[in-house]
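One letter stands for each residue in the lines below.
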Amino acid sequence: MRKKLKRRVATTLIELIVVLVMMGFFIMMVFNMFNVTYDAYNFNRELAAKTYAQANVDNFFEMLEKELMYAGSMGKVIKKLDGFDPNKSINIEESTITVQYALAEQIILTKKDKDKYPNIESTYSTETTFFPLYPANIPGSLTNRWVLTYDDIQTTQVASLLFTEISTSTVTIKNASGTFIMFTTSSTPATYVSLLLREKAYDSLSSTQILLQPTDTEKWAGEMIYKSTIAKKAPSTSNESTKLTVKKTIPTIGSEYEIALMDNIIDFKATETSDLYVATISYLVPGIYQGFLKNNTKEASLTVSRKFLKTQ
Amino acid sequence: MKKNGFTLIEILISLAIIAAIAGISIPAIYNNVMKIEQASTVESAMNGLRQFFADARSKSISKENKYEFSKESDTSLKFTGSTATDTIYYNLPEGVRTKLELDITPEATFSYLYLLGMFLEEKINYYEIEDNFRLLVKVSDTTTVLGTLTINQGLPTVEF
């Protein structure tokens, strides 16, 4: 006799467990999907931070390379600057690099062409006064540019470095410090006046004057005479990080400016051997510890080192 | 008679309880998802802004040229170099729900630019180093500031 099957009236425990297991798989799939999205998000965040840090690192090394390349000066024009040692224009201590330089265009002097400078002060408008051999080297567009005058004709004891500002194409002497003795016939002047080169970037400006400090009386016209100090700078507030900065002192106007090259610096070291300068930076990759995942992130750090060959 | 499983009524009651719990928790979950979406959009915007300023600054040093800053609209910025091809653009990202806009303080009377790594404000016949520049990222049509970019010694820094 065939046994009659009894109709089920409810879900069995086995069925429920099967459903729960299937739901578990489904939830795991959804969770994994979110996990992939989260990983991609973190990857993008780190990539942005690394790109930013890398741009700053490249920027720093490019600037450092230029500073080292420009060190010193033509014609010893800055050998009379305070503290300047012509044999040590690059000075490296543990975490500070100091570079001094003046990029100048040499001007050869002559007694000729006096008439081309009608407004020169009468004191100097004599037969014993020398003028640039090539007047075209000092055109009118060079208003407010500077020359460095090193009066090497005098005895060493009284010789002085003069900063002389060209105010017009007539080479009126506007300002000077030190002994105000110009060029005489007592010796053969050759390379004692150098027109300072100007930062090329100034050519793109509508005005050629920058006020570096609110209290300055003179504005910087871009003359390339610097004492540059590259060093690590401790944070001044709790919100800041340690920075790598370059401070540029410009002796012609007696002023300075400082720019930050990188933030989140852990360490900066500069060393030198007989052939090389070596700069090493360790820095945190910034941006990893900001935002809503603050408690779930770690700070990454990188160390980069670059060597620069000393020139003879 | 002994039951072999759950009855329809029991299942329905369970579903009703689950629905009630979901009804209470879904708005909270939705709010959290929206917060995450907003934070993610703001973070993306601030990282992009920082890179935009860092690029212009880097170019002002390497190319020895000025890069003039301008606000094109409430959502886009520009650094203009010497040529049209040497111009850097920035557009604020948009989230699914989050709409952002930019605001500058102090309001630009004169123009700003990068030169030799310095951030300068143009005055009459000269330039001055600018250290009070603030770029605010706000929720559109509100005053709610979600992120700030400041420039300290030429270096862009973001907070959000």
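Above: the structure in question.
Residues numbered from 1 in each chain as written. Chains lettered and ligands numbered in written order. Predicted model: local features only at pLDDT ≥ 70, side-chain atom pairs only at ≥ 80, totals over all residues. Heavy atoms only, no water.

A.B. asks: In this structure, what is going on with the overall build of chain A? I would like to understand it.
C.D. replies: Helix and strand counts for chain A come out as one helix and 16 strands. Looking at chain A as a whole, 41% of its 312 residues are labelled buried. In chain A, of all internal contacts separated by at least 6 residues, the share reaching a separation of at least 24 is 58%. (Helix = DSSP H or I, 4+ residues; strand = E, 2+ residues; numbered from the N terminus. Buried < 20%, exposed > 50% of the residue type's maximum accessible area, 1.4 Å probe, protein only. Contact = heavy atoms within 4.5 Å.)

A.B. asks: Please clarify how the overall build of chain B should be interpreted in this entry.
C.D. replies: Across its full length, chain B carries one helix and ten strands. For chain B, whose C-alpha radius of gyration is 25 Å, the value lies well above the compact-globule estimate of 15 Å for 160 residues. Principal-axis analysis of the C-alpha atoms places the extent of chain B at approximately 100 × 30 × 25 Å. Across the 160 residues of chain B, 42% fall into the buried class. Here the contacts in chain B between residues at least 6 apart in sequence split such that 55% fall between residues at least 24 apart. Put simply, chain B shows about 8200 Å² of open surface, and 57% of that area lies on carbon and sulfur atoms. Where the 15 positive side-chain charges of chain B centre and where its 20 negative ones centre are 9 Å apart. (Rg over C-alpha atoms; globule rule 2.2 N^0.38 Å. Areas by Shrake-Rupley, 256 points an atom, 1.4 Å probe, with all protein chains shown as cover. Lys, Arg positive; Asp, Glu negative; His and termini not counted. Charge placed at Lys NZ, Arg CZ, Asp CG, Glu CD.)

A.B. asks: I tried to follow the sheet that holds strand β16 (residues 301–309) of chain A on my own but got confused; where do I start?
C.D. replies: Within a beta sheet, neighbouring strands are joined by backbone hydrogen bonds and run either parallel or antiparallel to one another. Residues and elements named next belong to chain A. The sheet built from three strands is open, its strands ordered β14-β15-β16 with antiparallel pairing. The outermost strands of the open sheet, each flanked by one partner alone, are β14 (265–272) and β16. The mean inter-strand angle of the sheet, taken between neighbouring strand axes irrespective of direction, is 10°. Examined bridge by bridge, β14 and strand β15 (residues 276–284) share seven bridges and lie antiparallel to one another. Within the sheet, the bridge partner assigned to A270 lies in β15 and is A279. Sheet strands in contact with helix α1 (residues 13–70) are β14, β15 and β16, and its direction is about 20° off that of β16. (Pairing = 2+ DSSP bridges. Axes fitted to C-alpha atoms, helices over the stretch in contact; angles between N-to-C directions.)

A.B. asks: Would you explain unusual backbone geometry in this entry?
C.D. replies: For residues other than glycine, phi is negative in most cases, and the peptide bonds are mostly trans. All names here are of chain B. Of note, L116 is a non-glycine position whose phi angle comes to about 50°, a positive value. Along the chain, L116 turns up in the loop between β5 (112–115) and β6 (118–122). Take L116: its relative accessible area is 9%, and that puts it in the buried class.

A.B. asks: How should I be thinking about the pattern of salt bridges in this particular structure?
C.D. replies: Two side chains bearing opposite charge may form a pair once their charged atoms approach each other closely. Taken as a whole, this structure holds 15 salt bridges over all chains when the rule is applied. Among the salt bridges present, the one from E258(A) reaches K233(A), with a minimum N-O distance of 2.9 Å. With a gap of 25 residues between them, E258(A) in strand β13 (residues 255–262) and K233(A) in strand β11 (residues 225–233) connect regions that are remote in the sequence. Relative accessible area serves as the criterion here: at 23%, E258(A) is assigned to the partly exposed category. Taking the relative accessible area as the measure of exposure, K233(A) reaches 33% and is therefore partly exposed. The residue K99(B) makes a salt bridge to E94(B) at a minimum N-O spacing of 3.7 Å. Overall, E94(B) belongs to the exposed group, its relative accessible area being 61%. Salt bridges linked by common partners bring K59(B), K63(B) and D86(B) together as one network. (Salt bridge = Lys/Arg side-chain N within 4 Å of Asp/Glu carboxyl O.)

A.B. asks: Just checking my understanding: could you explain the sheet that holds strand β8 (residues 134–139) of chain B for this structure?
C.D. replies: Residue and element names in this part refer to chain B. Read from one edge of the open sheet, four strands run β4-β8-β9-β10, paired in antiparallel fashion. Sheet topology places β4 (100–105) and β10 (155–159) at the edges, where each strand pairs with a single neighbour. Direction aside, the axes of adjacent strands within the sheet are offset by 20° on average. With five bridges connecting them, β8 and strand β9 (residues 145–152) associate as antiparallel partners. Residue V137 lies in a different strand from β9, and its bridge partner there is G147.

A.B. asks: How should the pairing of strand β2 (residues 90–93) of chain A be read in this particular structure?
C.D. replies: Walk down a regular strand and you will see the side chains alternate between the two sheet faces. Residues and elements named next belong to chain A. Of the two faces of β2, only the one carrying I90 and I92 is buried; N91 and E93 on the other face are not. Pairing analysis gives four bridges linking β2 to strand β3 (residues 96–102), with the strands arranged antiparallel. Paired with N91 across the two strands is T98, which belongs to β3. Taken together, β2 and the strand that follows it, β3, pair antiparallel across an intervening segment of two residues.

A.B. asks: Explain the packing of α1(A) against helix α1 (residues 8–62) of chain B here, please?
C.D. replies: When two helices pack together, their arrangement is given by the angle between the helix axes and by the axis-to-axis distance. Relative orientation of the contacting elements α1(A) and α1(B) amounts to 15°, with a least axis distance of 10 Å. Taken as axis vectors, α1(A) and α1(B) run roughly parallel relative to one another. The two elements α1(A) and α1(B) meet at a crossing, and its hand is left-handed. Contacts between α1(A) and α1(B) pair Y41(A), R45(A), A48(A), A49(A), T51(A), Y52(A), A55(A), N59(A), E62(A), M63(A) and K66(A) from the former with S40(B), E43(B), N47(B), R50(B), Q51(B), A54(B), S58(B), I61(B) and S62(B) from the latter. (Parallel < 35°, antiparallel > 145°, perpendicular 65-115°, else oblique. Left-handed = near helix turned anticlockwise from the far one by under 90°.)

A.B. asks: Sorry if this is basic, but what is going on with the packing of aromatic side chains here?
C.D. replies: The geometry of two aromatic rings is summed up by the distance between their centres and the angle between their planes. In the structure shown here, the tally under the stated rule is 22 aromatic pairs over all chains. Ring plane angle 90° and centroid distance 5.8 Å describe the contact between F60(A) and F268(A), whose orientation is recorded as edge-to-face. In this pair, F60(A) is assigned in helix α1 and F268(A) in strand β14, connecting sequence segments 208 residues apart. Of the residues examined, F60(A) reaches a relative accessible area of 0% and is grouped as buried. Its relative accessible area of 0% is what places F268(A) among the buried residues. Arranged with centres 5.6 Å apart and planes meeting at 85°, the rings of F69(B) and F133(B) form a pair that is edge-to-face. Of this pair, F69(B) sits in strand β1 (residues 67–71) while F133(B) is found in the loop between β7 (127–129) and β8, placing the two residues 64 residues apart along the sequence. In this pair, the class of F69(B) matches that of F133(B), namely buried. Members of the aromatic cluster, connected to one another through ring pairs, are F52(B), F53(B), F69(B), F79(B), Y90(B), Y112(B), Y114(B), F119(B) and F133(B). It is K219(A) that lies over the ring of Y126(B); its NZ or CZ is 4.8 Å from the centre. (Phe/Tyr/Trp six-rings, centres within 6.5 Å; stacked < 30°, edge-to-face > 60°. Lys NZ or Arg CZ within 6 Å of the ring centre and 35° of its normal.)

A.B. asks: Mind showing me how you'd approach the environment of T85(B) here?
C.D. replies: Looking at where T85(B) falls in the secondary structure, it is placed in the loop between β2 (76–80) and β3 (88–91). Here T83(B) takes part through its side chain, which lies 3.1 Å from a polar atom of the side chain of T85(B). (Polar contact = N/O pair within 3.5 Å; in protein donor to acceptor, adjacent residues only side chain to side chain.)

In short, shape yes, function no, at least from these values alone.
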